[in-house]
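# Coordinates in review
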Amino acid sequence: MAEDRISFIPRYHETPDQAAEYLRLALPLLSKHRLPVNPVNYAIGYDYVAGNNRPLREAIDRLQQTRQPLTPELCIRFYKEYILDEAARRFEKVGDSLQHLVSDTLSEVEKTETQASHSATTLERQAALLQQQEPAQIAEILQTVIQETRNLAAAGSELRSNLQATNQEIHQLRAELEMMKEAAFTDALTGLLNRRAFDMKIQQLLADAQVGTSFLLLLDLDHFKKINDRYGHLTGDKVLRFTAQVIRQHLPPDQIAARYGGEEMAILLYGFDRMRALHLAEQIRETLAKSRLKRRDNEEPIGQVTLSIGLAGLEENDTIDSLIERADQALYEAKRQGRNRVIDDRGLLRHKST
Ligand SMILES: Nc1nc2c(ncn2[C@@H]2O[C@H](COP(=O)(O)OP(=O)(O)OP(=O)(O)O)[C@@H](O)[C@H]2O)c(=O)[nH]1
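All values derive from a computational prediction rather than experimental measurement. (Residues numbered from 1 in each chain as written. Predicted model: local features only at pLDDT ≥ 70, side-chain atom pairs only at ≥ 80, totals over all residues. Heavy atoms only, no water.)

## Quick notes on the packing of aromatic side chains
Definition in use: Aromatic rings from Phe, Tyr and Trp, taking only the six-membered ring of Trp, are treated as a pair when their centres fall within 6.5 Å; an angle between ring planes under 30 degrees marks them as stacked, one over 60 as edge-to-face, and anything in between as tilted. Think of it this way: any DSSP run of H or I at least four residues long counts as a helix, any run of E at least two long counts as a strand, and we number them from the N terminus. The criterion for a charge sitting over a ring is simple: Lys NZ or Arg CZ within 6 Å of the ring centre, and within 35 degrees of the ring normal.
This structure, assessed with the given rule, holds 4 aromatic pairs. Between Tyr-22 and Tyr-46, the ring centres sit 5.5 Å apart and the planes meet at 90°, which makes this aromatic pair edge-to-face. Of this pair, Tyr-22 sits in helix 1 (residues 16–32) while Tyr-46 sits in helix 2 (residues 39–50), placing them 24 residues apart in sequence. Put simply, the rings of Tyr-22, Tyr-42 and Tyr-46 pair up and form one aromatic cluster. Over the ring of Tyr-48 we find Arg-57, and its NZ or CZ is 4.5 Å from the ring centre. Above the ring of Tyr-260, the side-chain terminus of Arg-195 is found at 4.1 Å from the ring centroid.

Structure below.
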C-alpha cells in the first residue's frame, strides 16, 4: 500500500449543485492541458475553478500567462504544495493564534500591573499628605484616594473581561486542534484509525510488551475485487464502512481498530487471553457473514460478504515486523484454506460455520 502521507484531509463545503458545476468547468481545463482525469489532476482542476485556493490559482494563472503546460508532474507538485500542505499550514495557524493570544494576555496583565503600581504610588503619596494636612483638606485627599481606587478596580475588571474573552478563544482553538488531531489519525471512509495511527499504536503495544495478553488481528475482506467489479466502487466503499461498523460493534472499549490497507483492517488487543481474542475474531467474522447487505444505488441484495482473519499473539523478543509477519501468515493460511475463517499463529482454527 502507498505510504499514508496525507496529514490532513482537504475540506470541501460545496453543495452538490456547486460541485457539479465545478466538475463541468474543471474537465475542459484538464483536457486543455491533456491531463488524465485522475484524483490528483481532478483535485487541481476542481480547486482552480472553485477559486477558493488563491495560491494554487495564481500558480496556474502564471503558467497560463507564460503559455507553459500544466503537466502531470506539476499537478503532483501543486497538489502537495497547495492542497496537502495548505492543510498543514492551517494547523500552524492555530498554533500562531494561540501564541498571539498568550502574548496579548501577557501585555494586558502588564498594563494592569503598571496601573496598579501607579495607583500604589499615588495612594502612598496621598497617605503621606494626609499626615501633614488640616482636617479641611483631608476630604479633598480622600477624593483622590477614592478616585485612584476606582481606577484600579476598573483596570482589574477590564483585565478580567479580557481574560474571559481570551479563555473562550483558547477553548475554541483547543477544540479546533482536537478536530485536526482527530482528522490526522482517522480514516475518512471507515472512521477507524488510519495507518499512521496504527503504526504508532503498535509501537506502543510493543513498548508495553504484555506477552500472552496482547494480540494483533489482520482482517481482509474476501474476494473484494469481485464486489467492486460486480456492484461498483461505491458499493465496495459501503461494504468497507459496514465492516468497520461490525468491528466497532464487537470491540470492547480501549481496544484499537484501524484501516490497515485498502480492504484490510487491523485490531490490537490488550489484556486479552488467546481464547477471548479468538472468540472476538470469530464474532466479527460471523456477524459479517450473516449480514445481508444491499447495493448502494438500487438496494438490490449483495451476496454474502465474508472476512478472513489472521491472529498473532505477542511473543518474547517480537519486533513490529515479526508480529505483523505472523498475523499475515495466519491470514494467508485463512485465505488458503478457503476464506471466511479465523486462523491464529498457533494453528488454532475456528472453522467457518455460516
Ligand atoms: N471500493 C473500494 N475498493 C478498494 C478500496 N481499497 C482497495 N480496494 C479494492 O480492494 C480490492 C482488493 O483486491 P485483491 O487484493 O485482489 O483481493 P480480493 O479480491 O479481496 O481477494 P482475496 O483477498 O484473495 O480474497 C481491489 O479491487 C481494490 O481496488 C477502497 O477504498 N474502496
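## A short note on the UniProt feature "coiled-coil region" (unreviewed entry) in the protein chain
The cut-off we apply is this: UniProt positions are given in the numbering used here, feature names are shortened, and annotations may be inferred rather than shown by experiment.
Under the UniProt annotation, "coiled-coil region" (unreviewed entry) lies at residues 156–183. End-to-end, the C-alpha atoms of residues 156–183 are 40 Å apart, and along that stretch the chain is 100% helix and 0% strand.

## Points about the nonpolar core
Nonpolar side chains tend to gather and get buried jointly when the protein is soluble and globular. Applicable threshold: Joining through side-chain atoms within 4.5 Å is the link that ties buried Ala, Val, Leu, Ile, Met, Phe, Trp, Tyr and Cys residues into a set, and such a set is a nonpolar core. Each residue is assigned to one of three classes by its accessible area relative to the maximum for its type, calculated with a 1.4 Å probe on protein chains only: buried under 20%, partly exposed between the two thresholds, exposed over 50%. We call two residues contacting when some pair of their heavy atoms lies within 4.5 Å.
The biggest cluster of nonpolar side chains holds 32 residues, and the ones touching the most others in it are Leu-217, Leu-219, Leu-221, Ile-267, Leu-269, Ile-284 and Val-305. The set of elements that each furnish at least two residues to this core consists of strand 1 (215–221), helix 7 (224–231), helix 8 (233–250), strand 3 (264–269), helix 9 (274–290) and strand 4 (307–313). The greatest single-element share of this core, amounting to 6 residues, is contributed by helix 9. If we ignore the near neighbours within four places in the chain, the residues touching Leu-269 are Leu-205, Thr-213, Ser-214, Phe-215, Leu-217, Leu-251, Gln-255, Ala-277 and Leu-280. Core analysis: the next-biggest nonpolar cluster, separate from the first, contains 23 residues, Leu-35, Ala-59, Tyr-82 and Leu-84 among them.

## Topic: the pattern of salt bridges
Note that side chains of opposite charge can pair when their charged atoms are close. Stated formally: By definition here, a salt bridge exists when the distance from a side-chain nitrogen of Lys or Arg to a carboxyl oxygen of Asp or Glu is within 4 Å.
The final tally for this structure, using the stated rule, is 17 salt bridges. A salt bridge links Arg-285 to Glu-282; the nearest nitrogen and oxygen atoms lie 2.8 Å apart. One end of the pair, Arg-285, and the other, Glu-282, are both in helix 9, 3 residues apart, so they sit about a helical turn from each other. The class for Arg-285 is buried, based on a relative accessible area of 0%. We classify Glu-282 as buried; its relative accessible area is 8%. The structure contains a network of salt bridges with shared partners spanning Arg-274, Asp-318, Arg-326, Asp-344 and Asp-345.

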